[in-house]
Structures are given as structure tokens and as C-alpha cells.
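Residue strings, one per chain:
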Amino acid sequence: DGRALRRAFIALTALTLLAAPALAQQEPQLNDQGFLSDPEGEYIQTDEDAGLWVYLSGSLSVRVTRYQEEGPLEYYVADVLCSPESPLQTVTTSGRVPGRKLVSPKTLAEESGAVLALTDDFYGFRMQKKQTVGIIVRSGQALSNKTRSSRNQRGWPNLDTLAVYQDGRMEANVSDARKADDYVADGATNVFAFGPVLLKNGQTTDYVMEDDYYPYREPRLAIGMVEPYHYIVLAVVGRDDDSKGARISWVAQKLKDLGVQEALNLDGGGTAALFFMGQVLNRSPKNMRSVGSLITFGRTSAP
């Protein structure tokens, strides 16, 4: 069908653009949706030397690939196919206000049992510091309605949003486009607020691509949607002799090249962390910044 053809085209384009390493072993048979043919099966492949991490089940496909370019630059691309049975989820620390308490992201990732986990918009820190939090929804619960004016597009963070809906859609918006309660009423399960919006309707945000828009090379983390239930996570290593990080414009263009239609920049720097089955991929496990919430995909009982 059309979705299958589009996925095949995007996968081929990604391989051409990024020169992905070949799989180290033969994968099991997949169905037309890209999941394991055995609905109860589970396949896991990890090859750190090759820079490849794969998880397949009857309702979820996660493929993380490490890339290295001149610059120097190292980054990770996670291609995630979800389903109504295994949608994008979030996990927060417990307490009167979910996510306000901050803990090690590794602790959250391990306790959740998630196949893939990543840090998000760092809203718990803004709550603690009594800063403007942004439009925040977690697991269908509106947690914050106070945000910044979208007239201040160059503020950092400008608190632009990315809403995730029950039907697998993602929608990127400026900070004050809607209230949290409005998103929930329309079926949003989660709304993240950090920014800037990188892609809207498949087009890069104009000011993000300008030469003077935060032109520094830093660790970066972003998430976006190719189509409902098909997501791309991009994690860029930075502040390291082997990888100096990337500019915001580079992240936006890379996601566009991968076929992403809607995307948001998440908190980077010392916050950005990407986990595969509890193992952090994009940074040293030491000195990771404490967070109150994570974006997660899947659950596994495998050690």
C-alpha cells in the first residue's frame, strides 16, 4: 500500500544519504507493517562496534544506527515504527506534580523497562525553578498552561510545542498556538515544550535556518514524525574531542532529508541522553543531568 511504499522509499533514501552499516546478522521474517511475523516474538541485536542496535516485536520496530562524519561529528539516528499496541509513551517521576522531582535519566530508563528512551523537554526543572514551563501534557494529563509569546521566536528555549495524538500523529506548533486543555480535548496524549520547531508540514522553520540563529555546535536531541506511528529520533554527540556537536540548522536539515514532516528540538547539552534497553548510547553514563521525565518506546522483559 501507499504507506509501505513510502516507508521503503524513506528507508532507501536514508541508507543512501547516511551510508548506514550493513546488518551484522540476518534478521527474522517481517510482515507488511515492518514488524515480526510472529506476534509474540521478540528479536534483539546489539553491535556496538558496528554502531547498530535493533529491537523487533509483533508491534514495534526500533533501529538505532551510529554515524560518524568529518567535523568531527558523531550522531545516532533511531528509526521507530510504532503501532496502536505499542505507541509512543512517557514516564515521569512520582509526586504531587508528575515529573517535578528530578532523578538520573538512567534510573528512569531502567525502571521503565523501555526498549528505547530519551530525555525530553526538561519541564520538571523549569517547574522547580518557578520559570515559565510551557504547554505540557503527559499521559493525557494537562500539567502546565503557561508559556511564552510566540512573538519571541528567538528566546531560548522559545517553548514551541510538539503534540502527540492517540492516532499516532505529531503536530508541531509555536509556543502559544493552543492551551494544554485544548490539546487534550482533541486527543493529545503528550505535549512537549522546548523548541524551536524544526519542521512543520515537511518544511524547515525559516529563522532556524538563518546563519545567526544560535550557530553554536552543541550536543543536540530532536524527535519528529515521518507519518503517524513512524518517528525519527536524532541524537548528536558534542562537547567531546571526537565530536564537536551540531548547529540547530544541521539538525533541521538532517531530519528533513530523512523524510520527517513535523519535528521539535528537545533539550540538548548536558540533558540529551538516548537509551537502548537501559544502555546510554550517545554519551558517558557519568555526570548525566537529572530529569523528571522521558519519552519511551516499547517495554521488554529481556535483561
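Small disclaimer: the values here were computed from a predicted structure and weren't measured.

Spatial ordering of the open sheet is given by β5-β19-β6-β17-β18, a layout of five strands whose pairing is antiparallel. Among the strands making up the open sheet, the edge pair consists of β5 (88-92) and β18 (279-280). Judged from the five bridges that link them, β5 and strand β19 (residues 293-299) form a sheet pairing that is antiparallel. Bridge pairing in β19 links Val91 to Leu294. Contacting β5, β6 (114-119), β17 (274-276) and β19, helix α2 (residues 105-112) crosses the sheet at an angle of about 30° to β19.

A few words now on the side chain of Arg126. Examined against the element boundaries, Arg126 turns out to sit in helix α3 (residues 123-128). Buried and unpaired, Arg126 has no salt bridge, with Asp121 as the nearest side chain of opposite charge at 4.7 Å. Engagement of the side chain of Arg126 in a polar contact is seen with the backbone oxygen of Val133, the distance being 2.9 Å. The contact partners of Arg126, leaving out residues within four places of it in the chain, are Asp121, Gln131, Thr132, Val133, Ile136, Leu159, Ala193 and Phe194.

With respect to topology, nine strands assemble into an open sheet ordered β1-β2-β3-β4-β15-β14-β16-β12-β13, the strand pairing being antiparallel. Single-partner strands in this sheet number two, and they are β1 (42-47) and β13 (203-204). As judged from the nine bridges shared by strand β3 (residues 61-69) and strand β4 (residues 73-81), these two strands associate in the antiparallel manner. Considered in β4, the bridge of Arg66 is made with Tyr76.

Each value, and the rule that gives it
Residues numbered from 1 in each chain as written. Predicted model: local features only at pLDDT ≥ 70, side-chain atom pairs only at ≥ 80, totals over all residues. Heavy atoms only, no water. Pairing = 2+ DSSP bridges. Helix = DSSP H or I, 4+ residues; strand = E, 2+ residues; numbered from the N terminus. Contact = heavy atoms within 4.5 Å. Axes fitted to C-alpha atoms, helices over the stretch in contact; angles between N-to-C directions. Buried < 20%, exposed > 50% of the residue type's maximum accessible area, 1.4 Å probe, protein only. Lys, Arg positive; Asp, Glu negative; His and termini not counted. Salt bridge = Lys/Arg side-chain N within 4 Å of Asp/Glu carboxyl O. Polar contact = N/O pair within 3.5 Å; in protein donor to acceptor, adjacent residues only side chain to side chain.

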